[in-house]
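Now for the letters of each chain:
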Amino acid sequence: MTSLVDRLGRAVHCLQFADGLNPAQWAVLRYLGRANRYSRTPTAISDYLGTTRGTMSQTIKALEAKGMIGRATNGRDRRAVLLELTGEGNAALENDPLHCVASVAGALGDELDDASRFLDRVVDCLQAKSGGLDYGVCTDCTHFCRNSFAPDVHRCGLTGDPLSVADSTKICVNYSEPAAP
Ligand code: SF4
């Protein structure tokens with residue numbers, strides 16, 4: 001089993017030297033495609049991916065030089081850097097080299113759920129060891145205030161900000177898991 005996971009990791013790593021990008025750069029593009037407005041800072045990205053601030057700074061500079069990501073103003077804290085995908089970054093993600101993994105996984109049919117649960121546990125374990133964090137989405141968060149009457153205007157109980165349906169499906173640095181019953 002260990003050998004299989006190792007081979008899978010190596011194969012996935014090699015696949016990501018594609019379209020002039022490396023695996024670390026693809027990981028940042030994927031993260032920015034999934035992260036909400038509170039979570040697109042260099043610190044949040046390096047915490048999630050379990051890399052040092054220095055390594056992340058180099059990766060971000062390289063992606064900016066390639067025109068894949070840009071900087072936005074942070075409404076709450078004008079000194080904080082907020083990153084976002086550019087049109088080029090979004091277009092690159094449409095041809096993510098890991099899409100072929102999703103095609104193979106789709107062929108698993110009913111076995112996919114079991115395989116996903118197993119891989120989830122492996123990733124959780126590896127992230128815990130490397131110091132990476134597993135951010136969750138609003139709909140599973142203890143701060144999420146669902147609006148049953150106007151489903152497109154939910155609210156974050158932590159910040160007080162409105163959350164659209166699209167916002168609610170993004171991963172968040174402030175996510176807080178509900179206590180076990
Ligand atoms: S509800 Fe939770 S996950 Fe959503 S924005 Fe607020 S803190 Fe983040």
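Heads up: the structure comes first, above all this text.
A few points on the structure. (Residues numbered from 1 in each chain as written. Predicted model: local features only at pLDDT ≥ 70, side-chain atom pairs only at ≥ 80, totals over all residues. Heavy atoms only, no water.)

In the vicinity of the ligand, the residues found are Asn36, Tyr38, Cys138, Cys141, His143, Phe144, Cys156, Cys172 and Asn174. Its residues assigned to classes, the shell around the ligand shows six nonpolar, three polar and no charged. (Near = heavy atom within 4 Å. Nonpolar A, V, L, I, M, F, W, Y, C, P; charged D, E, K, R; others polar.)

The subject of this paragraph is the pattern of salt bridges. Taken as a whole and judged by the stated rule, the model has six salt bridges. Salt-bridge contacts for arginine 53 lead to aspartate 47; the nearest nitrogen and oxygen are separated by 3.0 Å. Classification of arginine 53 as partly exposed rests on a relative accessible area of 47%. Classification of aspartate 47 by relative accessible area gives partly exposed; the value is 25%. (Salt bridge = Lys/Arg side-chain N within 4 Å of Asp/Glu carboxyl O. Buried < 20%, exposed > 50% of the residue type's maximum accessible area, 1.4 Å probe, protein only.)

As a further point, take helix 4 (residues 53–65). Taking 1.5 Å per residue as the helical rise, helix 4 with its 13 residues ought to reach 18 Å, and the 18 Å between its terminal C-alpha atoms agrees with that figure. Along helix 4, the positions that sit buried rather than exposed are Met56, Thr59, Ile60 and Leu63. Angularly, the buried residues of helix 4 cover 100 degrees about the axis, an arc narrow enough to put them on a single face. More than 90 degrees from the buried face of helix 4, the exposed residues found are Gln58 and Ala65. The secondary structure elements touched by the buried residues of helix 4 are helix 2 (23–34), helix 3 (42–49), strand 1 (69–72) and strand 2 (82–85). The positive-phi residue at the C-terminal boundary of helix 4 is glycine 67, with phi of around 75 degrees. (Helix = DSSP H or I, 4+ residues; strand = E, 2+ residues; numbered from the N terminus. Expected span 1.5 Å × (residues − 1). Arc of directions from axis to C-beta. Contact = heavy atoms within 4.5 Å.)

On to a nonpolar patch on the surface. Where nonpolar side chains cluster on the molecular surface, the patch consists of Met1, Leu4, Leu8, Phe118 and Leu119 and spans about 500 Å² of accessible area. Secondary structure elements with two or more residues in the nonpolar patch: helix 1 (2–15) and helix 7 (111–130). Relative to the helices and strands, leucine 4 is located in helix 1. Of the residues examined, leucine 4 reaches a relative accessible area of 53% and is grouped as exposed. (Patch = residues over 30% accessible without salt bridge, like charges linked within 9 Å, V, L, I, M, F, W, Y side chains within 5 Å. Areas by Shrake-Rupley, 256 points an atom, 1.4 Å probe, with all protein chains shown as cover.)

One pass over the structure, following the stated rule, counts three aromatic pairs. Taking 6.4 Å as the distance between ring centres and 70 degrees as the angle between the ring planes, the aromatic pair formed by tyrosine 31 and tyrosine 135 counts as edge-to-face. Placement of the pair is tyrosine 31 in helix 2 and tyrosine 135 in the loop between helix 7 and strand 3 (136–137), with a sequence separation of 104 residues. Tyrosine 135 matches tyrosine 31 in its accessibility class, with the two residues each being buried. Pairing tyrosine 48 with tyrosine 135 gives two aromatic rings, centres 5.1 Å apart and planes at 50 degrees, and the pair type is tilted. Taken together, the residues tyrosine 48 in helix 3 and tyrosine 135 in the loop between helix 7 and strand 3 connect sequence positions 87 residues apart. With relative accessibility at 13%, the residue tyrosine 48 sits in the buried group. Of the aromatic side chains, those joined through ring pairs into one cluster are Tyr31, Tyr48 and Tyr135. (Phe/Tyr/Trp six-rings, centres within 6.5 Å; stacked < 30°, edge-to-face > 60°.)

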